[in-house]
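A look at the structure
Spelled out, the chains give:
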Amino acid sequence: LKAGRGETIHGDVTLLEGNKFEFVHDLKKTPLPPFAEVVYRFGITYADKTVDSTADESFQYADNRSTWNQLQNKLVEINWKDGDPGFAQQALDAALDGLDGAQTFLPSISQPGSPTRVYIYPSAQEVQEALQLASYNWVAGHADPWLNSVLVSIPAGTGQKTELLRQIPHELMHVWLYQYTEKIGGNYLALPTWLNEGLATLVERAPNSAYPALLVENQAAGGLLRMASLCNRFPSDPSPAILAYAQSAAFTRYIHQNYGSSGLEKLVQIYADGLECERGVEEAFGITFAQLEQEWITDTFGQQTQPGNSFQATPFLILFGVILLIPVFVIVLRRYTSPTGQD
Ligand SMILES: [Zn+2]
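Just so we're clear, the structure is a prediction, and the values are computed from it rather than from any experiment. (Residues numbered from 1 in each chain as written. Predicted model: local features only at pLDDT ≥ 70, side-chain atom pairs only at ≥ 80, totals over all residues. Heavy atoms only, no water.)

The helix and strand tally for the chain stands at 9 helices and 13 strands. When the 343 residues of the chain are sorted by exposure, 38% land in the buried category. Considering only contacts in the chain between residues 6 or more positions apart, those separated by 24 or more positions represent 63%. Of the roughly 19,500 Å² of accessible surface on the chain, 54% is carried by carbon and sulfur atoms. (Helix = DSSP H or I, 4+ residues; strand = E, 2+ residues; numbered from the N terminus. Buried < 20%, exposed > 50% of the residue type's maximum accessible area, 1.4 Å probe, protein only. Contact = heavy atoms within 4.5 Å. Areas by Shrake-Rupley, 256 points an atom, 1.4 Å probe, with all protein chains shown as cover.)

Right under this line is the structure:
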């Protein structure tokens, strides 16, 4: 039995009555990713020790606890449970729009060979249920790039369209990045988490509007995460995880603005070739990772005093203020009294 990312599982069959036999696979011991294509064959050892096997057969390990509606275009096959076809059409459009967005950052990203299967669950809880069958952690959306499939949760209601525009391009970007790294002969899993998630967050068609303020607040309070800490994983707690997404998107956008699409493609290539997170930046741009991070912070937030320092400096500033007030007062008076004064 071969499933998911190529693991092969062996086992003995049990003979049943009526020339039937069965093989039971324990998903608790060895989980399968949802919607994986499972390839299987039976081997036979005869009494004279010669061996033979059947031809490969396959089936999809689908979540068939309920029926799925289906609609597709060249990019995606939308599978959804509830809602009218107009809802699915919006999902198709979000995918097309997402690819446009992806190509503004990485122009060499191309349409996949076969449509990516997108499963829209009506709640995050149902995605978790589907994923818990395969012992994944908590998520609202999930991509299995090597299976060319994506799971998202879009609850019905007023926020539906926004969630659709956010989650579908985001999860698809992971699939497109995987296919892109395969095409250039690289390793998708070698991409730093901040770059992979940064790019996926940047192609969201309805970005989280809380991100800019979150970044400014954390920068002012000295609470930004070090970018180097986001090379291999994101924090598991929701609050720093959200900040990690916001920072990764902003940092990746900064790279795009300063080094262009060619710079970003070069960086992806270097990482996919296997260069380590901090070395990759040096190789691509000729500056250290720490320098790039500092430039991003300076360019984005300006030269702001750290909160610890500004607190200590407060009495000083008051004193300065008193001294400065006098000349300002004089200047203001002069401006008022000067007949040739100009604004
Ligand atoms: Zn993601």
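Now that the structure is up, let's keep going.
Protein-derived coordination of the zinc ion comes from His170 (NE2), His174 (NE2) and Glu197 (OE), at a distance range of 2.1 Å. When the donors of the zinc ion are listed by position in the chain, the intervening gaps give H-x3-H-x22-E. Placement of the pair is histidine 170 and histidine 174 together in helix H3 (residues 160–183), with a separation of 4 residues, close to one helical turn. By relative accessible area, histidine 174 is classed as buried at 5%. (Donors = N, O, S within 2.8 Å, 3.2 Å for Na, K, Ca; no water.)

How two helices pack is summed up by the angle between their axes together with the distance between the axes. For the pair H3 and helix H6 (residues 238–272), interaxial distance at closest approach is 14 Å and the crossing angle is 20 degrees. Here H6 runs roughly parallel to H3, going by the angle between their axes. Considering the relative orientation of H3 and H6, their crossing is left-handed. Two secondary-structure elements touch here, H3 through His170, Tyr180 and Thr181 and H6 through Tyr245, Glu265, Val268 and Ala272. Within the contact of H3 with H6, the residues separate by chemical class into 4 nonpolar, 2 polar and 1 charged. (Axes fitted to C-alpha atoms, helices over the stretch in contact; angles between N-to-C directions. Parallel < 35°, antiparallel > 145°, perpendicular 65-115°, else oblique. Left-handed = near helix turned anticlockwise from the far one by under 90°. Nonpolar A, V, L, I, M, F, W, Y, C, P; charged D, E, K, R; others polar.)

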